[in-house]
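Notes for the structure review
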Amino acid sequence: MVGHVRSAPRPDFLSKPSLRGEQVLLRPVTVDDVPALMPMFLDAEASRLTGSHDDGALDERRVRAWYDSRREQDDRLDLAVVELATGHVVGEAVLNEWDPGNESCSFRICLVPGTYGSGLGTEATRLIVGYGFEELGLHRLSLEVYAFNPRARRAYEKVGFVAEGVLRDALLWEGERVDATVMSILAPEWFQHGGRPETAGHASA
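Here's what I pulled together on the structure shown here. All figures in this text were calculated on a predicted structure; none of them were measured in a lab. (Residues numbered from 1 in each chain as written. Predicted model: local features only at pLDDT ≥ 70, side-chain atom pairs only at ≥ 80, totals over all residues. Heavy atoms only, no water.)

A closer look at the side chain of Asn96
To be explicit about the condition: Going along the chain from the N terminus, every DSSP run of H or I of four or more residues is numbered as a helix, and every run of E of two or more is numbered as a strand. By definition in these notes, contact holds between two residues if any of their heavy atoms fall within 4.5 Å.
You can see Asn96 is positioned in strand β4 (residues 89-99). Contacts of Asn96, omitting those with residues within four sequence positions, involve Arg76, Cys105, Ser106, Phe107 and Arg108.

Shown next as structure tokens:
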């Protein structure tokens, strides 16, 4: 019924922020970042972890056109992950699949090969999730992580994502069917622990 519809302010996805942490800077991704990001698309392990099936030769021209259009998007946020120590672009963090009726978005992050396990992804996740709740006014952020990627799941848990359920046999990868875990974090949870649930738990103990 119309009387039950909330008139929440529309998130301002057109304002593309720069978010600085201790190890990374998140800033608007541009077409100039494509050379640094290409290894992310060409790496076999990255494709496996993200469940990206090879649909043929990668068209770099289409990739460049995609990134060249990110600044004009008013329903999603695409940010480059820059390692502060080197100044190198090492990945991207994205809020997409905006659901205005439910004030929610999906979240994904991908890093270039050789940068896993260094804490860069965890900090980048914390920065963009905080922006989603504190500045965009979102209520829920969700993601899916495959069973063969426990490292990523642990990083999400460090920021406060909670497992909700399992999508059984969600991915067919090289003849193996792999489950995906659905995870989410809600605004009230974020404002309780600020993306550091383990620290908040120790403080209240």
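Points about the side chain of Arg76
Test applied: We define a polar contact as two N or O atoms separated by no more than 3.5 Å, with the added condition that, inside protein, one atom must be a possible hydrogen donor and the other a possible acceptor, whereas residues neighbouring each other in sequence contribute only through side-chain atom pairs.
Its place among the elements puts Arg76 in the loop between α3 (60-68) and β3 (77-83). Separated by 2.8 Å, the side chains of Arg76 and Asp78 make a polar contact. If near-sequence neighbours (up to four positions away) are discounted, Arg76 is found in contact with Phe13, Lys16, Trp66, Arg70, Val94, Leu95, Asn96 and Arg108.

Side note on the packing of aromatic side chains
What counts here: Two rings from Phe, Tyr or Trp (for Trp, the six-membered ring) form a pair when their centres sit within 6.5 Å of each other. Planes less than 30 degrees apart are called stacked, planes more than 60 degrees apart edge-to-face, and all others tilted. For every residue, the accessible area obtained with a 1.4 Å probe (protein chains only) is divided by the maximum for its type, and the residue is called buried under 20%, exposed over 50%, and partly exposed between those limits.
Summed over the entire model, instances satisfying the criterion amount to seven aromatic pairs. Note on Phe41 and Tyr67: the rings are 6.3 Å apart at their centroids and 50° apart in plane angle, and the pair reads as tilted. Linking Phe41 in helix α1 (residues 34-42) with Tyr67 in helix α3, this pair joins segments that are 26 residues apart in sequence. Tyr67 gets classed as buried once you look at its relative accessible area, which sits at 2%.

As for the nonpolar core
Spelled out, the test is: Working definition of a nonpolar core: buried Ala, Val, Leu, Ile, Met, Phe, Trp, Tyr and Cys residues. They are joined through side-chain atoms within 4.5 Å.
The biggest cluster of nonpolar side chains holds 49 residues, and the ones touching the most others in it are Phe107, Ile128, Leu141, Tyr156 and Phe161. A total of seven residues in this core trace back to one element, the largest contributor, which is helix α4 (residues 120-134). Those residues in contact with Tyr156 that lie beyond four places of it in its chain are Phe107, Ile109, Thr125, Leu143, Val145, Phe161 and Met183. Phe148, Leu171, Val178 and Ala180 belong to the second largest nonpolar core, which has seven residues in total.

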